[in-house]
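# Results of the structural survey
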Amino acid sequence: MLKELKISTFQKQEIIDLTKKIQEIVENSGVENGLCLVYVPHATAGILINENYDASVCKDILTNLEKIAPSNGNYEHNKIDDNAHSHIKASMLSPSETLIIDGGNLILGTWQGIALAEFDGPKTRKILIKIIKN
Ligand code: ZN
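Heads up: these notes are all about the structure in this document.

About the criteria used
Residues numbered from 1 in each chain as written. Predicted model: local features only at pLDDT ≥ 70, side-chain atom pairs only at ≥ 80, totals over all residues. Heavy atoms only, no water. Salt bridge = Lys/Arg side-chain N within 4 Å of Asp/Glu carboxyl O. Helix = DSSP H or I, 4+ residues; strand = E, 2+ residues; numbered from the N terminus. Buried < 20%, exposed > 50% of the residue type's maximum accessible area, 1.4 Å probe, protein only. Donors = N, O, S within 2.8 Å, 3.2 Å for Na, K, Ca; no water. Tetrahedral: all angles 85-135°; square planar, octahedral: opposite > 155°, others 65-115°. Core = buried A, V, L, I, M, F, W, Y, C linked by side-chain atoms within 4.5 Å. Pairing = 2+ DSSP bridges. Axes fitted to C-alpha atoms, helices over the stretch in contact; angles between N-to-C directions.

Moving on: the pattern of salt bridges. Applying the stated rule across the entire model yields 6 salt bridges. A salt bridge links Lys 89 to Glu 66; the shortest N-O distance between them is 2.6 Å. One end of the pair, Lys 89, is in helix α3 (residues 84–92); the other, Glu 66, is in helix α2 (residues 55–68), and 23 residues separate them in sequence. According to the relative accessible area criterion, Glu 66 is partly exposed, its value standing at 24%.

This is the structure we're talking about:
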């Protein structure tokens, strides 16, 4: 089963928690056991699994990615499209994550959630969710 989510981002760079939305899609799928792949088909955004309880974790992730690829840095790609830092940050994450579905629920650690990382917002991002029953 393939589902699509449209997520509007509001900041240039931000991390948006998707856990409840993905869990809802899993529940509605009726799949009790299997895998859930969450994929963002965009070159300047990423998917990550990390702490979604304390918001300062996401802030620290963004702050430290900014140190590695500063927004105002000098990049080749900026001659074509002024968002090279966004591509570099996205490439340090991944466009997808795979979660285990067990008993109709996503297996996540107590503090873990699944999130979209936006590096070239604000935009409307497509997110694909593929659920595989086994
Ligand atoms: Zn670009």
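That shown, we press on.
Here we come to the coordination of the zinc ion. Distances from the zinc ion to its protein donors, His 77 (NE2), Asp 81 (OD), Asn 83 (OD1) and His 87 (NE2), fall within 2.0 to 2.2 Å. Geometry at the zinc ion is irregular, judged from the 4 donor atoms that bind it and their angles of 89 to 156 degrees at the metal. Donor residues for the zinc ion, ordered by position in the chain, follow H-x3-D-x1-N-x3-H. For Asp 81, a relative accessible area of 34% gives the class partly exposed.

This next bit is on the nonpolar core. With 21 residues, the main nonpolar core has Ile 22, Cys 36, Val 38, Leu 116, Ile 127, Ile 129 and Ile 131 as its most contacted residues. Looking at this core, the elements that each hand over two or more residues are β1 (2–8), α1 (19–29), β3 (33–39), β4 (45–51), β5 (96–102), β7 (112–118) and β8 (124–133). With 9 residues, the next largest nonpolar core counts Leu 48, Cys 58, Leu 62 and Phe 119 among its residues.

On the basis of which strands lie adjacent, the open sheet formed by 5 strands has the order β1-β8-β3-β5-β6 and antiparallel pairing. Each edge of the sheet is formed by a strand with only one pairing partner; in this case those strands are β1 and β6 (105–106). When β3 meets β8, the two strands line up antiparallel, connected through 6 bridges. Bridged to Cys 36 within β8 is Ile 131.

With antiparallel pairing, 3 strands are arranged side by side in an open sheet as β2-β7-β4. If you trace the sheet from one side to the other, it starts and ends with β2 (14–17) and β4, each paired once. Ignoring which end each strand starts from, the neighbouring axes of this sheet average 35 degrees apart. Where β2 meets β7, 4 bridges bridge the pair, whose relative direction is antiparallel. Among the inter-strand pairings, Asp 17 is bridged to a residue of β7, identified as Ala 115.

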